[in-house]
Amino acid sequence: MSHLSERPEKPVVGLPLPHESAALHVTGAALYTDDLVHRTKDVLHAYPVQVMKAHGRITALGTGSALAVPGVVRVLTGADVPGVNDAGMKHDEPLFPDEVMFHGHAVAWVLGETLEAARLGAAAVEVDVDELPSIVTLQDAIAAGSFHGARPVMLTGDVDAGFADSAHVFTGEFQFSDQEHFYLETHAALAHVDEAGQVFVQSSTQHPSETQEIVAHVLGLHSHEVTVQCLRMGGGFGGKEMQPHGFAAVAALGARLTGRPVRVRLNRTQDLTMSGKRHGFHATWKIGFDADGRIQALDATLTADGGWSLDLSEPVVARALCHVDNTYWIPNARVTGRVARTNKVSNTAFRGFGGPQGMLVIEDIMGRCAPLLGLDPMELRERNFYRQGHSTPYGQPVLQPERISAVWQQVQDAAGVAGRKRKIAAFNAAHPNTKRALALTGIKFGISFNLTAFNQGGALVLIYKDGSVLINHGGTEMGQGLHTKMLQVAATTLGIPLHKVRLAPTRTDKVPNTSATAASSGADLNGAAVKNACEQLRARLLQVAAGRLGVNASDVRIAEGIARALGSDEELAWDDLVRAAYFQRVQLSAAGFYRTEGLHWDAKTFRGSPFKYFAYGAAAAEVEVDGFTGAYRIRRVDIVHDVGDSLSPMIDIGQVEGGFVQGAGWLTLEDMRWDTGDGPNRGRLLTQAASTYKLPSFSEMPEEFNVTLLENATEEGAVYGSKAVGEPPLMLAFSVREALRQAAAAFGPAGVGVELASPATPEAVYWAIEAARHGGAQRTDHARTGEEIPTEADAVSNA
């Protein structure tokens, strides 16, 4: 076992502990960025001046009437920026634009003594716009050739030969929706400047170091003149990886110019209309199977709706391509990725970061093609699983492929799948207007940032004379339990009780140059860095203990706050040991660092091994569908998920549950709509509130929900044998969508390939049912010719 993954005696990691801030969360005592306003004197409130046009050039910006509004202190415009007028890392996101690029784009910000004064001031700003043609839909962007950024191509094997050797060839296309983060806490920042000119920004950000960098270049400062702190976030899900930077820069610019603290906090409508979403995708595909239903070749093009600027769209597309295989070996593949440029908000990271979009394409293909091949969907999936010796289409060997089958079989056994499928068949035969279905899907998700340089983490651990310990690390807490795990890692490594360790807020003047808390790598990177710092401290303390106990340092163990010599009754309490170390002038602080080894990636050739390991999981979902309305309910979900040796089982199970429900929301409920007409509101987001944008709630939870963590699953080379858990569970929700597809198909004859829109709302399910009743999208005997499978719209119109 590797040094990094080996656990000592009596570890604190592995214990099922509650979230470290759980009591604060439920009592309302937890502080978030905007709560700090009430603890800060003379705060000014910032309010955006939004232009309600999808695209246009600003010809005049009048601020005089706004300054006449009582309580308005200043209007911030591009002329006020002392540094670089840009809020993005690609330098394509002007903080104060002279061209409106989406409906609701902020072109100026008003500072007021009160939020109401700032709001009235923003309403008084006069903006003249020369309206320009706009592209709102992904289809229009593709038709117009409106793209930006890189266009990677993932190629393996001989695709043409693969199709030539295929007994069955199918083609089709698939478009699926974007998704709103809808975190409980909207974007927020609070900035002030101290007497030395140091800028201090409290920000709800997943990437404090990058927020620091953007604020510095907007203000024309060096990074050491800017400090960014994140207490915690009320949810992030990727939406606060890149997009908080501009809001923090506005607050910092206002503070710098006025000498007073400035608060930016978007209301819900502003957050929805100004911040990016999960990328919606369009896919065209052609797939070949042999006579036994094994994939021979795949040729696909994946187009992401990037919105008006690049943001993180290029790496999102790269990860989508790297996950289009999911758990299936594809010997011959050619997959092209591209980013469409539209006049909408700039889409950004969202839990899974393109992985769900890529995996959804292949899972949709498998679900559509299984009946056309005369195979049960579970059987088709299982026949194509990765086996020992297989590599991904981008050239990375798939290690531990047996875990794909292990979680698959364990779910079948625990859920009693075979017996329940027989009962479902009997139920469906007896109920012509209500159908049930049970679907099983698996996942393989790569863990690490695709960009190798991001795979590093840092920590600072301090031991005080009284034996108490304070840890700082580069990760941020957004409710996912990262801080809880870091406390457990520190206590385990030092060999002390958990109550002796406290964690400080994440801030850039304690741990510099950190990566975003993203890519599910927060615990891997920061946990290993915390462990490294604690090991340095423990090594020093072992020398002190050895001197006090009269033995060699290698014969001393520290556990549960007691240093003991092997083979002796001699012991030394932790507090006494620390005090002795202090008086011996032993350093009691240490900076830890970790870099993920074994990674390499060539973005140009799209080849390499970008991931440290793969996380695996499987889910079985049973649904019941009403044939009259398409309404459905999730009767039962069973999940087995691979988190290695869990650092904190209660946290991990919560992440699996939450990720699954969020994925089910994306795939079945969350239907974003935009005004695509040519009227004055073209480009306007129509689903601007929870009243029009349906989020998962208690009523959508599975009636029975069973989550099991795979046992005996140590991950060599990861901190204490654990695996990442943040993003992979979201894709387990594919099982719900596939169950809905199968239930819709049960209303029609056998051998029907049913198409299902995404999100699979009750309306979409109803139209899938209607298509199935009228023969479906394509019957088996026709599909084998290699003809294109008609779109859902074709199927409906033909019906």
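Before reading on, note that the structure itself is shown above.
Residues numbered from 1 in each chain as written. Predicted model: local features only at pLDDT ≥ 70, side-chain atom pairs only at ≥ 80, totals over all residues. Heavy atoms only, no water.

A.B. asks: What am I meant to see in the sheet that holds strand 2 (residues 56–62) here?
C.D. replies: Think of a sheet as strands paired side by side through backbone hydrogen bonds, with each pair either parallel or antiparallel. Read from one edge to the other, the open sheet built from three strands follows the order 4-2-6, with strand pairing classed as antiparallel. Unpaired on one side and paired on the other, strand 4 (99–100) and strand 6 (126–131) mark the two borders of the sheet. Direction of pairing for strand 2 relative to strand 4: antiparallel, over a ladder of two bridges. The residue bridging Arg57 from the neighbouring strand is Glu99, located in strand 4. (Pairing = 2+ DSSP bridges. Helix = DSSP H or I, 4+ residues; strand = E, 2+ residues; numbered from the N terminus.)

A.B. asks: Just to check I follow, could you spell out empty space enclosed by the protein for this structure?
C.D. replies: Counted according to the given criterion, the structure contains five cavities of 30 Å³ or more. Empty space within the largest cavity amounts to approximately 340 Å³. Around the largest cavity sit 23 residues that line it, and Ala87, Glu93, Phe247, Met274 and Trp308 are the ones nearest its centre. Contributions of two or more residues to the lining of the largest cavity are made by strand 5 (105–112) and helix 7 (244–258). When the residues that make up the lining of the largest cavity are grouped by side-chain class, the tally is 13 nonpolar, eight polar and two charged. Of the voids in this model, the second largest cavity is the one considered here, and its volume is about 70 Å³. Considering the residues around the second largest cavity, the lining is formed by 13 residues, among which Asp524, Leu525, Tyr594, Thr596 and Lys612 are closest to the centre. (1 Å grid on protein atoms, 1.4 Å probe; cavity = no way out; pocket = protein on both sides within 12 Å on 5 of 7 lines; lining within 4 Å. Points joined across faces, edges and corners; volume = space filled by probe spheres on them. Nonpolar A, V, L, I, M, F, W, Y, C, P; charged D, E, K, R; others polar.)

A.B. asks: What am I meant to see in the sheet that holds strand 16 (residues 434–447) here?
C.D. replies: With mixed pairing, four strands are arranged side by side in an open sheet as 16-27-28-29. Pairing within the sheet leaves two strands with one partner each, and these edge strands are strand 16 and strand 29 (704–709). Put simply, the sheet's adjacent strands are angled 15° from each other on average, direction ignored. Relative to the sheet, helix 18 (residues 734–745) contacts strand 16, strand 27 (613–626) and strand 28 (632–641), its axis offset from that of strand 16 by approximately 150°. (Axes fitted to C-alpha atoms, helices over the stretch in contact; angles between N-to-C directions. Contact = heavy atoms within 4.5 Å.)

A.B. asks: How should I be thinking about the packing of helix 10 (residues 355–369) against helix 18 in this particular structure?
C.D. replies: The description of two packed helices rests on the angle between their axes and on the distance between the axes. Direction vectors running N to C along helix 10 and helix 18 enclose 25°, while the axes themselves pass 11 Å from each other. One finds that helix 10 runs roughly parallel with respect to helix 18. Judged by the twist between their axes, the crossing of helix 10 over helix 18 is right-handed. For the pair helix 10 and helix 18, the contacting residues are Pro356, Met359, Leu360, Glu363, Asp364, Gly367 and Arg368 in the first and Phe734, Arg737, Glu738 and Arg741 in the second. Residue composition of the contact of helix 10 with helix 18, grouped by class: four nonpolar, one polar and six charged. (Parallel < 35°, antiparallel > 145°, perpendicular 65-115°, else oblique. Left-handed = near helix turned anticlockwise from the far one by under 90°.)

A.B. asks: Can you walk me through the environment of Leu61 in this structure?
C.D. replies: With respect to the helices, strands and loops of the structure, Leu61 is situated in strand 2. Judged by relative accessible area, Leu61 falls into the partly exposed class, the value being 33%. For Leu61, the residues in contact, after removing those within four places along its chain, are Thr77, Val107, Ala108, Val125, Glu126 and Val127. (Buried < 20%, exposed > 50% of the residue type's maximum accessible area, 1.4 Å probe, protein only.)

A.B. asks: Explain the environment of Thr493 to me, please; I cannot follow it from the model alone.
C.D. replies: Residue position: Thr493 is located in helix 14 (residues 482–494). Distance from Thr493 to Ala533, taken between C-alpha atoms, is 9.3 Å for residues 40 residues apart in sequence. Contacts of Thr493, omitting those with residues within four sequence positions, involve Lys531, Cys534, Glu535, Arg538 and Tyr720.

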